[in-house]
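Summary of the model geometry
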Amino acid sequence: MDKHEGRDAAAMRFDDPWYDALASGWGELDGTAARSSAVPQQSHAAPERGPSAAEIYLEVQASPAFQQVRGRYRRFVVPATLAFLAWYVAYVVAATAAPGLMARPVAGAVNVAMVAGLGQFLSTFLLTWAYARHARLRRDRAALELRWDTQELTRLTEVGGGGR
Amino acid sequence: MNHGHETLALLLFSAFVATTLAITTWVSRNRHGSAEEFYVGGRLFSPMENGFAIAGDYMSAASFLGISGLIALYGYDGMLYSVGFLVAWLVVLFLVAELVRNCGRFTLADVVASRMSERPVRIAAGTSSVTVSVLYLVAQMVGAGSLVGLLLGGSSGAAQTWTVVGVGALMVVYVTLGGMRATTWIQIVKAVLLMAGALALTVLVLVRFGGDFNQLLTTAAARSGHGLDFLAPGLRYGGDWTARLDFISLGLALVLGTAGLPHILSRFYTVPTARAARRSVVWSIGLIGSFYLMTIVLGFGAAALLGSDTVRASNAAGNTAVPLLAHDLGGGAGSAGGTVLFAVVAAIAFATILAVVAGITLASSASVAHDLYASLRSRSKRGKPYSEVAVARVAAGGIGVVAIALGLLAKDLNVAFLVGLAFAVAASANLPVLLYSLFWRGFTTRGAVWSVYGGLVPAVLLVIVSPVVSGSPESLFPGADFQFFPLQNPGLVSIPLGFLAGWLGTVTSHEVPDAAKHAETEVRSLTGAGAA
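In this text the structure is predicted, and so the values were computed from the model without any measurement. (Residues numbered from 1 in each chain as written. Chains lettered and ligands numbered in written order. Predicted model: local features only at pLDDT ≥ 70, side-chain atom pairs only at ≥ 80, totals over all residues.)

Now for the overall build of chain B. What chain B contains, in helices and strands, is 21 helices and zero strands. In terms of C-alpha radius of gyration, chain B reaches 22 Å, essentially the compact-globule figure of 24 Å for 532 residues. Summarising its shape, the C-alpha atoms of chain B cover approximately 70 × 55 × 45 Å along the three principal directions. Burial statistics for chain B: of 532 residues in total, 67% are counted as buried. The contacts of chain B with a sequence gap of at least 6 include a subset with a gap of at least 24, amounting to 81%. (Helix = DSSP H or I, 4+ residues; strand = E, 2+ residues; numbered from the N terminus. Rg over C-alpha atoms; globule rule 2.2 N^0.38 Å. Buried ≥ 20, exposed ≤ 12 C-beta atoms within 10 Å, placed from the backbone. Contact = placed C-beta atoms within 7 Å.)

A few words now on the overall build of chain A. Assigned secondary structure in chain A consists of seven helices and two strands. Put simply, chain A has 164 residues, and 23% of those count as buried. Across chain A, every contact between residues at least 6 apart in sequence was considered, and the portion connecting residues at least 24 apart equals 68%.

Every contact between the two is made by 59 residues of chain A and, on the other side, 59 residues of chain B. Among the elements of the structure, helix 1 (2-15), helix 2 (19-23), helix 4 (53-62), helix 5 (64-97), helix 6 (99-102), strand 2 (110-111) and helix 7 (112-159) of chain A are those that each provide at least two residues to the side of chain A that touches chain B.

For the rest of this paragraph, the subject is the nonpolar core. In this structure, Val-112, Ala-302, Leu-325 and Ala-422 of chain B are the most contacted members of the largest nonpolar core, which totals 208 residues. Counting residues per element, this core draws most heavily on helix 15 (residues 336-379) of chain B, at 26 residues. Those residues within four positions of Val-112 of chain B in sequence are excluded, and the remaining contacts are Val-121, Ala-125, Val-433, Leu-434, Ser-437 and Ala-448 of chain B. Ranked by size, the runner-up nonpolar core spans 13 residues in total, among them Ala-53, Ala-143 and Leu-146 of chain A together with Ala-529 of chain B. (Core = buried A, V, L, I, M, F, W, Y, C linked by C-beta atoms within 7 Å.)

Another aspect to go through is helix 16 (residues 388-409) of chain B. The end-to-end C-alpha distance of helix 16 of chain B, which contains 22 residues, comes to 31 Å, matching closely the 32 Å that a straight helix rising 1.5 Å per residue would cover. Glu-388, Val-389, Ala-392, Arg-393, Ala-395, Ala-396, Ile-399, Gly-400, Ala-403, Ile-404 and Gly-407 of chain B are the residues of helix 16 of chain B that are buried. (Expected span 1.5 Å × (residues − 1).)

So, about the packing of helix 5 (residues 76-103) of chain B against helix 21 (residues 515-527) of chain B. All names here are of chain B. Following both chains from N to C, one finds helix 5 and helix 21 inclined at 115°, their axes separated by 7 Å at the closest point. For helix 5 against helix 21, the interelement crossing comes out right-handed. Two secondary-structure elements touch here, helix 5 through Leu-99, Asn-102 and Cys-103 and helix 21 through Thr-521, Arg-524 and Ser-525. For the contact of helix 5 with helix 21, a count of residues per class yields two nonpolar, three polar and one charged. (Axes fitted to C-alpha atoms, helices over the stretch in contact; angles between N-to-C directions. Left-handed = near helix turned anticlockwise from the far one by under 90°. Nonpolar A, V, L, I, M, F, W, Y, C, P; charged D, E, K, R; others polar.)

Here Phe-94 of chain B lies in helix 5. C-alpha separation for the pair Phe-94 of chain B and Ala-196 of chain B, spaced 102 residues apart in sequence, amounts to 29 Å. The contact partners of Phe-94 of chain B, leaving out residues within four places of it in the chain, are Val-77, Ala-80, Thr-81 and Tyr-131 of chain A.

Residues and elements named next belong to chain A. Taken from the UniProt record, the annotation "transmembrane region" (unreviewed entry) applies to residues 76-98 and 110-132. Here residues 76-98 runs as 96% helix and 0% strand, with 32 Å between its end C-alpha atoms. For residues 110-132, helix accounts for 91% and strand for 9%, while the C-alpha atoms at its two ends are 32 Å apart. (UniProt positions renumbered as here; feature names shortened; annotations may be inferred.)

This next bit is on the confidence of the model for chain B. When pLDDT is averaged across chain B, the result is 84; 93% of the residues are at 70 or more. In the model output, the complex is listed with pTM 0.86 alongside ipTM 0.89. (pLDDT = per-residue confidence, 0-100.)

Time to look at the packing of helix 10 (residues 241-257) of chain B against helix 20 (residues 491-508) of chain B. Residue and element names in this part refer to chain B. At their nearest, the axes of helix 10 and helix 20 sit 8 Å apart, and the two run at 45° to each other. For the element pair helix 10 / helix 20, the angle class is oblique. Of the residues in helix 20, those touching helix 10 at Leu-245, Ile-248, Ser-249, Leu-250, Leu-252, Ala-253 and Leu-256 are Gly-491, Leu-492 and Ile-495. Grouping the constituent residues of the contact of helix 10 with helix 20 by class yields eight nonpolar, two polar and no charged. (Parallel < 35°, antiparallel > 145°, perpendicular 65-115°, else oblique.)

Moving on: the confidence of the model for chain A. All names here are of chain A. Here chain A shows a mean pLDDT of 72. Residues at 70 or above account for 65%. Ignoring residues within four places in sequence, the model shows residues 1-47, a span with pLDDT below 50, making 58 contacts including any to other chains. Scored below 50 in pLDDT, residues 160-164 shows 15 contacts in the model against residues more than four places distant or in partner chains.

Residue and element names in this part refer to chain B. Here Thr-270 is to be found in the loop between helix 11 (262-265) and helix 12 (274-306). Each C-alpha atom of the pair Thr-270 and Ala-355 lies 17 Å from the other, and the pair is 85 residues apart in sequence. Setting aside residues no more than four positions away along its own chain, Thr-270 makes contact with Val-40, Gly-41, Arg-43, Phe-45, Asn-50, Met-180 and Thr-184.

With that settled, consider helix 3 (residues 47-58) of chain B. With 12 residues, helix 3 of chain B extends 16 Å from end C-alpha to end C-alpha; this agrees with the ideal 16 Å at 1.5 Å per step. Among the 12 residues in helix 3 of chain B, 12 count as buried, and that is most of the element.

Shown next as structure tokens:
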């Protein structure tokens, strides 16, 4: 199943016609960026003056669809991060400050410390599962649509010579 | 130790080297040296492949040899490493993996530099990435050295030296010839070998105790010489408050460091989308989690079956507990089973070290070429510009030499402990700047630069003035004494300093944060628009 989805993802990349054009515009140092955007696109004569890329990103950022994706991401990630960090710090501090408590036997040779340590493993696995599920069901589709829309908009400005 | 296992281990090890060299030549046939190909293998790995490769990159000799060794010597306190190393992946999964995949191209600096004035930020992030990588490399080299020391009878200093040199040289060859594609396949092969080896030993340990974990713990406690204290925290990090603070410091460094490791971050670029990056992290969490659960069994198993004193006698830092355990599980001295199992485990540990060294060498050569060289070159236009990939190949050689030299110097320190230092530096210098640029609207160039140096410089300085380097019999330079910082791990002080410096630099700078650039980062990071 995973293998299969991996192939889907790979295929998706090839379906993306703007993949390379956009990839070379960002964080680029060795001159290709300048080449791709600075060359005037004279074949596309007299386009209307559209919004610049900066305006597009600001506009997308303000759009309700994006706000929703961001809200969903943050509403999961912020509490979950705080929770597991607190649980982990509590575990580490308890091991140093309250070794007596940690050494208390639970069953046989297994003590509180051992249960807490294995509990960390368990909570990590559970949170990983919950996050992956949340992202898959609540974010992926909306994020993908935003991606196409944004790329469509920025592509128009690049063709129109607006560029960055 | 008899002669049989040496020959066999060397044979198995040669087989691994031959296989990986064959992989390297195979995948690098007809490849043009594009940066996309060299740094990230064309971005076409599947999540499962990348998940295994991430696990391969992460489960280093430090984990396999170091953690089990620490558990065998100090019992429960060694487990902190297992827990911290795993919980750290939640930080990576939640806050870093997908966003970094969407925002960057090859390195950590890409993510930060996209919002900021590029040059100073790139130089800062590149410098800290190289520093972290070199520290991490040293740990792996030390692991290789101590393993060979054991294999050849412990007394052979020259053999140890030549192993460190040989491992380094071999890795430089892999990286320069095969780039990311070859390195990834080496990681995958190694991850499979390591999981299989650990699983086999774990099963053997549990079988020896009739599947009774309680029995295993009781025997371990009895043979450790510490009794029930062995199963509770405090043996290594108990006692005075310095040791306890050290424990907390280490715990922080472990959980926050992973998300700042350059060779882990660069792995997210080898898959096509952020979704694939997430899926690869889920795979790797599964693999890494089960692996660390097994190291716990192996560590207590070594204490129970060999006794802590035997482990300590072989290597004071405990690095050789697992190979010794394998020898015992196979039937003990003189038996064929013991010889074979020992040889297999030693060969797997070698393979582990080789693979991890390759991954780090590649990531740091990317930092040198893509961040440092490209930024410094843009100022001095004199001279013929070399292609970035050519620079990266040369850089791989240079980094190899530095790591070999330091590895020879540090050969008596515990491997897991050395990795703890690398994590502390990564958490102080790389993580604050990464989180700030992804999540803070008002973050500025000065904030970025200050945050990197504000974490990096204190972390490195505190290590230099710590008991690790001087002032105690176990130090790197036992003769000298310029130690005044009491903790061995600087994380507790330097991680907050990194965050603080980033905040301070931002609020004191006159630069008005560019709202459009922030919007671009946010939109790109969460949707993947325009991602490379």
